[in-house]
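Close look at the chain arrangement
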Amino acid sequence: MTPNDASATGQLWSIEEVPSTEQLLPGFTLLRGFCLKEAATLLRAIDEITARSPFRHMVVPGGHTMSVAMTNCGDVGWVSDRSGYRYSPDDPVTGEPWPPTPAIFRDLASKASSAVGFSNFMPNGCLINRYAPGARLSLHQDRNEQDFTQPIVSVSLGLPATFLLGSLTRSDTPRRIRVEHGDVAVWGGPARLIYHGVAPLREGIHPLSGSNRINLTFRHVSM
Ligand SMILES: O=C(O)CCC(=O)C(=O)O
Ligand SMILES: [Fe+2]
């Protein structure tokens, strides 16, 4: 039996869609096609979240408005304004708590983290990023969470993008990794504080997300 033999494994993926695992750095793994089957359901759940806490373009402390539109679900959400970055239990736009994390999100975060050996991941927040053509995320570390024993789980939906995979040193030139609809990246352990970002999104149309890429990042934030 070869790994691609869908009938023998009883899996539903077609040959072109067989999930594969790429360890790109110690502690950084890309699970290609990992959530393809539930992607449409994930996108519907995102529509329900954004009906309550809409996407918005946040301002960073320097005064620049981010090109990526963001919202959150869960107990805590990442926010930025002129006074800095932080996690907040409430959505500053609505004044209400962030919408709860759908069960399908929690299941995916747990399945993906355990698949690469982080069996105790307990995310309490999920940042939802929407990239329109031209939107980008400059190189950064995810470091507001404080507990770096817990990984980050990052889900790509809709249009493909170029993920910039750096190292622990900001000045190193990042590798350019294509991430597609259904891919899930998990980074933790020695890779937890790697610099990473997303190159400007190229125009395109995706049957499920139109002209956008949507990304979910699950985090465990110490409160
Ligand atoms: O969109 C992505 O793939 C990465 C998002 C990210 O790095 C973040 O939200 O901190
Ligand atoms: Fe990040």
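The protein chain is annotated in an unreviewed UniProt entry as DNA-N1-methyladenine dioxygenase from Edaphobacter aggregans.

**Describing the site of ligand 1**
As a structural note, the neighbourhood of ligand 1 is formed by L127, N129, L137, D142, S154, F163, H196, V198, N215 and T217. At the level of elements, β6 (125-131), β12 (196-198) and β13 (213-219) are the ones that each hand at least two residues to the shell around ligand 1. For the shell around ligand 1, the per-class residue count stands at four nonpolar, five polar and one charged.

**Details of the UniProt feature "binding site: Fe cation" (unreviewed entry) in the protein chain**
Mapped onto this numbering, the UniProt entry gives "binding site: Fe cation" (unreviewed entry) at H140, D142 and H196. For this annotated set, covering 57 residues, all C-alpha atoms fall within 8.6 Å of each other, a compact arrangement in space. Looking at the secondary structure, you find H140 in strand β7 (residues 137-140). Its 13 C-beta neighbours within 10 Å are what place H140 among the partly exposed residues. Inspection of the secondary structure puts H196 in strand β12. When residues no more than four places from it in sequence are discounted, the contact partners of H196 are L139, F163, L164, L165 and G166.

**Some details on the sheet that holds strand β8 (residues 152-158)**
Remark on secondary structure: sheet strands pair via backbone hydrogen bonds, oriented parallel or antiparallel. Ordered by their spatial adjacency, seven strands build an open sheet running β1-β2-β11-β8-β13-β6-β3, and the pairing between neighbours is antiparallel. Looking at the sheet topology across the chains shown, the edges are occupied by β1 (20-25) and β3 (69-74). Along the sheet, successive strands turn relative to each other by an average axial angle of 20°, direction set aside. With six bridges joining them, β8 and β13 adopt antiparallel strand pairing. Residue S154 lies in a different strand from β13, and its bridge partner there is T217.

Reading the values: rules and limits
Residues numbered from 1 in each chain as written. Chains lettered and ligands numbered in written order. Predicted model: local features only at pLDDT ≥ 70, side-chain atom pairs only at ≥ 80, totals over all residues. Near = placed C-beta within 6 Å. Helix = DSSP H or I, 4+ residues; strand = E, 2+ residues; numbered from the N terminus. Nonpolar A, V, L, I, M, F, W, Y, C, P; charged D, E, K, R; others polar. UniProt positions renumbered as here; feature names shortened; annotations may be inferred. Buried ≥ 20, exposed ≤ 12 C-beta atoms within 10 Å, placed from the backbone. Contact = placed C-beta atoms within 7 Å. Pairing = 2+ DSSP bridges. Axes fitted to C-alpha atoms, helices over the stretch in contact; angles between N-to-C directions.

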